[in-house]
Amino acid sequence: MSNKKLYSDFLEEQVKIIPSLNDILNLKGFEYLNDRMENPYSEYQEKLESALYKDFLNRVNKIPKSKQNIYDRFLKHICQNYINENKYDFSLIPITPLENDIAYIVENAAGNGSFTFDTKKSYTIFLTKMKIFPEICFSVIIKMREGINKGYTLPKIAAQKLVEQFNELIKNKSYHNEKGSAKFNKEIEELMVPELIRIRDFLNSEYIPSCRKTIGWSGLPNGKAEYEFLVKTTITQKNISVDGIHKFGLLEVERIRLLMENIMKQMEFKGTRQDFFKYIRERKDLKFKSKDEMLKEYRNMYNHIESSIMPRLFKDKITTKCEILPVPKYNEEYSAEAYYMEGDTTGKRPGRFFLNMRNISQNSKIEIESLTLHETLPGHHYQLSLVNENEKLPDFVKLYGVEAYLEGWGLYCENLGEYETAESYFGKLVLEMIRAIRLVVDTGIHYYGWSYKKCFNYFRKYGFDTDEQIDTQLIRYICMPSQALAYKMGEKCMIECLTKFHKDGRGDIKQFHTMILEDGAIPLYLLREKFNL
C-alpha cells in the first residue's frame, strides 16, 4: 500500500474534528478524544469539514493519475462527494424518523450504540461528552427554521412520525442505561429530556404547520436535480439514469412475479397470487410462537450457515462475534424489519443483528434463511468484520462504505442460500420482490411525482407485505431518497462482475469472493474496473 501517510493523515485529521468517529472504530492513540463530540449541524463544524475535504482532495490530485491506486481513488471519491453534496441544501432537513442523530445519541446513552461502556470511568467520560447535547439540539431547530424560510421541509406525514418518535423516546425513557448507576441515569435524564421536549414542541408548533404536502424530493426547490445527484452518489456507477433504474425495476418485478407463480405451481396451489400470500401468512407452522422462539430460530440459522455455507464458498475467516437481538422498544415503530450494526476494529464490540418484533404475528419463518444471509453471514457482518479485521487496509476504508456496494453485497448473499423447502425459497423471492419494487417506487415518489396512494397500491399488487408493513416501507423511502435503490443496483453490479469472472476462464468462487471483498466497500465504478468491465 503506497501513500500510507496520506491515509493516516486523513484519518487523524478527521477524527480530530469528528471525534465521535472513534466511538465506532476504537482506534488506539485517540483515547484523549473520547470525552468530546462534534456538533454536526454547526456552521463552525461545516467549515472545519469543508476545509479538510478540500485539503485532502488537493493532496490526492497531486498524485499523477497513472500512479493513483484504488485507495487513492476511493479517498478522492469521498472528498469530492462531500464537496459536491455541500452545493445543495440537504442540511436543511437535518433529521428524519429514519435518520435521526438525536435518537442515535439517546440510543448511545442507553448502551445500544457505538460508544463502549466497559469501565466506571467510561460513564463519566460519556457524561462529559454529552455536555454538547443541548447545543446539537438547538442547532437542529435552527436548521429546520432555515428550511421553513426556504420552503425546504420534510413532508407533513414524515414530520408527524418524527413527533411520534420523540414522544416514544421520552415516554419509554429510551436514554436509560440498565448497567449505569442511578447517578448516571439521573444526570442523563436531566440533560436529555428538556431537549427532547423542546424539539418535539418545536415540531408541533412551528414545523408541522409549515411542512410541504408533497411526499417526493421533486416537490422541493431544485428537487429533481438534487434527486439525480443522490441517485448518482448512491449507485456510484457511470451512465446511470433515473429512467433506466425505473424501467429495470419494472422488468425485475415481472421476472420475480413469474418465479413466485412457479412456486405456487410447484406446491400445487389453486388460486390467485394474493390468495397464496394469504395462505402463507396464515399458516401456523410458519408463524413464531414467541419472541424467544424467533431469536432462537435466527441464531440456529446463523450457526448452520457458519458451518455449512461459509467453508464451501469463502476462504477468509473472521473472529468478530455477532449478537442477534430485538430492536430497542422505542424504535420498533420506525425501524426497518431488520438491520445490522457493525463491531469495532478491536473485536471489543461485537456486531449486532437487530430483528424488529413490534408485531411477531407479521413476521414469517419463510424469511429466516435469506434475511440471515443478508444481515450476518456472509452478508453485512462478514463483509464489515473482514474489513475491520484487515490490518493491511487503510483505516479510513473502515469508516466509509458505498451504500450500493454494502446493500448490493447483502442482496447478492441471499442468492447463496440452500433453500431446501419451497417455502424458504419463496421467502427469498418475497424479500427480492421488495427490493425490485423499491426501484419503481423510490423513483416514482421522488422523480415522477407518484402519490402515496399510487405507491401503496403498486406495493400491495406485487408485494407480500401487510398494509401496516407497506406504510412502514413507504415512510422509509419518503425519508431516504435513493437509498432503496442501492440493493438491486448493487446486486446487479456484483452479478455482472461474477459473469465476467467466469467469462475470463476463472472458476474458483472463493477467489471471486475474495476479489470482491478485499478492498472494502468501494464505489461500484472502481469494483467494475477490477473485473475489466
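Preceding this paragraph is the structure being described.
Cut-offs applied
Residues numbered from 1 in each chain as written. Predicted model: local features only at pLDDT ≥ 70, side-chain atom pairs only at ≥ 80, totals over all residues. Heavy atoms only, no water. Helix = DSSP H or I, 4+ residues; strand = E, 2+ residues; numbered from the N terminus. Rg over C-alpha atoms; globule rule 2.2 N^0.38 Å. Buried < 20%, exposed > 50% of the residue type's maximum accessible area, 1.4 Å probe, protein only. Areas by Shrake-Rupley, 256 points an atom, 1.4 Å probe, with all protein chains shown as cover. Lys, Arg positive; Asp, Glu negative; His and termini not counted. Charge placed at Lys NZ, Arg CZ, Asp CG, Glu CD. Pairing = 2+ DSSP bridges.

**Student:** Please set out the overall build of the chain residue by residue, giving values where relevant.
**Tutor:** A tally of helices and strands in the chain yields 22 helices and three strands. In terms of overall size, the chain behaves like a compact globule, its C-alpha atoms giving a radius of gyration of 23 Å where 533 residues would be expected to give roughly 24 Å. In terms of its C-alpha atoms, the chain occupies a principal-axis envelope of roughly 65 × 55 × 50 Å. Here the chain, with 533 residues, has 58% of them falling under the buried criterion. For the chain, the exposed surface amounts to about 23,200 Å²; the carbon and sulfur share of it is 51%. Distance between charge centres in the chain, computed from 78 positive and 75 negative side chains, equals 2 Å.

**Student:** Can you break down the pairing of strand 2 (residues 338-341) residue by residue, with the values?
**Tutor:** Side chains of strand 2 alternate between two faces, with A338 and Y340 and Y339 and M341 buried alike. One ladder, built from four bridges, connects strand 2 with strand 3 (residues 351-355); its direction is antiparallel. Residue pairing for strand 3: M341 is matched across the bridge by R352.

**Student:** Break down unusual backbone geometry for me, citing the residues and quoting the values.
**Tutor:** Following L377, the chain continues to P378 via a peptide bond in cis, the omega torsion being -5°. Structurally, P378 is set in the loop between helix 14 (368-375) and helix 15 (380-389). Positive phi values are uncommon outside glycine, yet N222 reaches one of about 65°. The topology assignment puts N222 in the loop between helix 9 (182-210) and helix 10 (223-235). One non-glycine residue, N532, adopts positive backbone phi at about 55°. Exposure remark for N532: the relative accessible area of 59% places this residue in the exposed category.

**Student:** Describe in detail the environment of N532, supporting the description with residues and values.
**Tutor:** Looking at the secondary structure, you find N532 in the segment after helix 22 (524-530). Each C-alpha atom, one on N532 and one on V15, is 35 Å from the other, the two residues being 517 residues apart in sequence.

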